[in-house]
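Topology and contacts: notes
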Amino acid sequence: MSDKKSIKFNRRNFLKFAGVAGLATGAGVMLPKDALMARSEKGSKGKKMSFDVHPGQLDDYYGFWSGGHSGEIRIIGVPSMREIHRIPVFNKECGSGWGITNESKKLLRGKDAGDTHHVHGSYKDGVYDGKYLFVNDKLNNRVARIRIDYMEVDRILEVPNIQGAHGLFPQRYPKTDWVVVNSEFQTPVPNNASNSAAFNNPQEYYGMHTIIDAERMAVVCQIQVDENCDLAATDYKGKYSMCTSYNIEKGVTISEMLASDFDYLIVFNWERIRKAMAAGKYKTINGVKILDGRMGKSDLTLRIPVPKNPHGVNISPDGKYAVCCGKVSPTTTVVELDRLDDAFAGKIKPEDCIVANPFIGLGPLHTTFDGRGNAITSVFIDSTNVKWNIAKAIEAEKGGEEAKKSNPHIVDVLDVHYQVGHIMATMAETKEADGKWLVSLNKISKDRYINVGPLKPENDQLSDITGEKIRHVHDSPTYIEPHDCIMVRRELIEPHVKHRVEMFEHPLAVTKNSVERKGNHVTVRMTANAPLFGLQEVRAKKGDKVTLIVTNHDEIVDLSNGVAISNYNINFVLGPFQTKSVTFKADKEGVFWIYCTNFCHALHLEMRMRFIVEV
Ligand code: RUQ
Ligand code: CA
């Protein structure tokens, strides 16, 4: 399907929904995108940056991409857009042994399917501190923490009382003590037999804004609301977190969720939350303290009406504005954060925090920033990246409908291929947004790449945003299905990343090879030193439980060893000085070769030993 056709197809679908939504878009009316495109010229006049990273050179940015329902995180070099690494998180991955080793299984607790959407770094004073990444799992309501020094998951928290753990954002100031995660789906609370009367009563379904202690990776508290909690953001002052809600209707069908012309941006007041916790104003369900954040029942929350079924909320790098995307409304809503104190104090109405409602296009989803006063919004239906000036939008708002008519805030409109979800500029979620590169994470690639069958890659498009115009420079396919990303200056990450682990950080690190039997449990402790395993053979009896603990004793950078046990479905990899273990039942008799999978030496193929299971 060609670009043009795909856009028409999507518009037609959208208009069907717009009908439900009550948006008037009659025949003969110039569609908003055409009006915008008429303003846009082709090409950038700015100095051209190159995305080429020549052999032997390094990328300028670490891109951390969520992997959607692949359950992982990917590290993409920017601007080359090369996929450099994958970090398995909520999935099973044989390249490293994630989901196979005891260490990873302990974190996954039997759940090796996931759905990652939002990956963000830990902060200090509004900029990444290079310590952690956090990512949500929408499927099983988890939040994982990744240590940046090893680029490995070190904690996974299952969040009780929620479903559809979606928007996630760390505290930005003064540092990341808290991480918030939203529940997109409302459910009964508790959602079990003790509350079964609520199963058939959607009025008794609730959303939660969950606050997590970033160091302990434990739930601090949950704030219960009637609405659903979709995308998340935190401010740059450590005072507020927020969520967009598209289902204030408590609907359970699509038309019910679209019934109201307005939904909310819900703001959570951290000082009041701390006080309510200290005053014991909570109930405890499933071991978690739940505060009441419902409208009319609580002073912890503020509801700013935004049109209609909004999606993303993003904070401008100067910390001044929250920008909510309309999704079903062709506008964004600009909220001035300095007004929130007065709104919470009841001095002004919540809606008085809104300083602009600029027209953007059909289906605005997410917004990013260039650090020079411009916002760039992804527009799903129109398939565009729309660059607009925040100050001009606010100025035009003051001038009323007449001033807004010519859309003076629009700077440029870029057609993308094809349907864009998230959009992100380099360093844009920090106060050091540098306005260099923009990535448009397009959901559908259609004919952009050679045909690989019914399931096609997504299309991440890279643009240079140093000039007035957005200059699209590069397409790269990504495996199903990144949602969001951040791009972090290399020097904020690289000095923290280690070439080898601290060997004795693992309590079972092996220094001496041994085989120990206790009853029918055989524990094998073994070193690996390319091209030799520390033992030449291991014996067990059929029916024994076997624990195999292996430490890689090679300190040489990038000298990894694999440990695979033929016919036993066991396969994992050890980086320099790393220890991993597996436990399994020796349920098949015979001779089984244990071999190294990860090419390590000229005698790599000879790096093998026998596992003999006797009858
Ligand atoms: S949101 S659908 Cu990031 Cu647009 Cu998950
Ligand atoms: Ca709604």
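Notes on the structure follow. As the structure is a computational prediction, the values presented were derived from the model and not from experiment.

Take helix α5 (residues 270-278) next. Along α5, the residues that are buried comprise W270, I273, A276 and M277. Down the axis of α5, the smallest arc covering the buried residues is 120 degrees, so these residues share one side. In α5, those exposed residues whose orientation departs by more than 90 degrees from the buried face are E271, K275 and A278. Backbone nitrogen of E271 and a side-chain oxygen of the N-cap are separated by 3.2 Å at the start of α5; the cap is N269. Trailing α5 by a residue or two, G280 shows a phi angle of about 70 degrees, which is positive.

Time to look at the coordination of the calcium ion (ligand 2). For the calcium ion (ligand 2), every protein donor is listed as Y246 (O), E249 (OE), E249 (OE), M257 (O), D263 (OD), D263 (OD) and N309 (OD1), and the spread of their distances is 2.3 to 2.7 Å. Site description for the calcium ion (ligand 2): donor spacing in sequence, Y-x2-E-x7-M-x5-D-x45-N. Remark: M257 occurs in helix α4 (residues 254-257) and Y246 occurs in the loop between β13 (240-245) and α4; sequence separation between them is 11 residues. Y246 gets classed as buried once you look at its relative accessible area, which sits at 12%.

Strand order in the open sheet made by the 4 strands is β4-β5-β6-β7, with antiparallel pairing throughout. Two strands in the sheet have a free side with no partner beyond their single neighbour: β4 (119-124) and β7 (152-158). Direction aside, the axes of adjacent strands within the sheet are offset by 30 degrees on average. Pairing of β4 with strand β5 (residues 127-137) involves 5 bridges; the strand directions are antiparallel. Each residue of the ladder has a partner; that of V119, found in β5, is V135.

Now for the pairing of strand β31 (residues 514-518). Across 5 bridges, β31 lies against strand β32 (residues 521-529) in antiparallel orientation. Within β32, the residue paired with K518 across the bridge is H521. Where β31 folds back onto β32 in an antiparallel hairpin, the turn is made up of 2 residues, including G519, whose phi is positive at roughly 60 degrees.

If you trace the 4 strands from one edge of the open sheet to the other, you get β3-β2-β1-β30, paired in antiparallel fashion. Strands with a single pairing partner mark the edges of an open sheet, and in this sheet they are β3 (82-88) and β30 (485-489). Shown here is a sheet whose adjacent strand axes are inclined to one another by a mean of 25 degrees, direction ignored. Looking at chain direction, strand β1 (residues 61-66) and β30 are connected through 5 bridges and run antiparallel. Residue pairing in the sheet places G63 in a bridge with M487 of β30.

Attention shifts here to the site of ligand 1. H117, H118, H166, L231, H311, H366, H422 and H483 make up every residue found near ligand 1. Residue composition of the shell around ligand 1, by class: 1 nonpolar, 7 polar and no charged.

Here R471 is to be found in strand β29 (residues 471-478). There is a polar contact of 2.8 Å between the side chain of R471 and the backbone oxygen of M49.

Okay, the packing of aromatic side chains next. Each aromatic ring pair is specified by the distance between its two centres and by the angle formed by the two planes. Applying the stated criterion across every chain yields a total of 10 aromatic pairs. Aromatic side chains Y123 and Y128 sit 5.0 Å apart centroid to centroid with 35 degrees between the ring planes, which places their arrangement in the tilted category. A relative accessible area of 6% places Y128 in the buried class. Ring geometry for F584 against F611: centres 5.8 Å apart, planes inclined by 80 degrees, an arrangement best described as edge-to-face. In this pair, F584 is assigned in strand β38 (residues 579-585) and F611 in strand β40 (residues 608-614), connecting sequence segments 27 residues apart. The structure contains a cluster of three or more aromatic residues connected by ring pairs, namely Y568, F584, F592 and F611. Sitting above the plane of the Y246 ring, K327 keeps its charged end 4.3 Å from the centroid. Directly above the ring of Y568 sits K588, whose terminal nitrogen or CZ lies 4.1 Å from the centroid.

With that settled, consider unusual backbone geometry. Cis geometry marks the peptide bond from V189 to P190, where omega comes out at -5 degrees. Inspection of the secondary structure puts P190 in the loop between β9 (178-185) and β10 (207-213). Note the cis peptide between A530 and P531, where omega equals 0 degrees. Mapped onto the fold, P531 is located in the loop between β32 and β33 (532-533). Of note in this structure, K327 is not a glycine but carries a positive phi near 55 degrees. Tracing the chain through its elements places K327 in the loop between β19 (321-325) and β20 (332-336). Overall, K327 belongs to the partly exposed group, its relative accessible area being 23%. Positive phi, normally seen in glycine, also occurs at M427, with a value near 60 degrees. Turning to its location among the elements, M427 is positioned in the loop between β26 (420-425) and β27 (437-442).

Turning next to the pairing of β32. Pairing geometry for β32 and strand β35 (residues 545-552), over 8 bridges, is parallel. Each residue of the ladder has a partner; that of T523, found in β35, is T547. Sheet topology places β32 next to β33; 2 bridges connect them, and they run antiparallel. Across the sheet, A528 pairs through a bridge with F533, a residue of β33. Linking β32 back to β33 in an antiparallel pair, the connection comprises 2 residues.

Cut-offs applied
Residues numbered from 1 in each chain as written. Chains lettered and ligands numbered in written order. Predicted model: local features only at pLDDT ≥ 70, side-chain atom pairs only at ≥ 80, totals over all residues. Heavy atoms only, no water. Buried < 20%, exposed > 50% of the residue type's maximum accessible area, 1.4 Å probe, protein only. Helix = DSSP H or I, 4+ residues; strand = E, 2+ residues; numbered from the N terminus. Arc of directions from axis to C-beta. Polar contact = N/O pair within 3.5 Å; in protein donor to acceptor, adjacent residues only side chain to side chain. Donors = N, O, S within 2.8 Å, 3.2 Å for Na, K, Ca; no water. Pairing = 2+ DSSP bridges. Axes fitted to C-alpha atoms, helices over the stretch in contact; angles between N-to-C directions. Near = heavy atom within 4 Å. Nonpolar A, V, L, I, M, F, W, Y, C, P; charged D, E, K, R; others polar. Phe/Tyr/Trp six-rings, centres within 6.5 Å; stacked < 30°, edge-to-face > 60°. Lys NZ or Arg CZ within 6 Å of the ring centre and 35° of its normal.

Worth remembering: the numbers are spatial, not functional.
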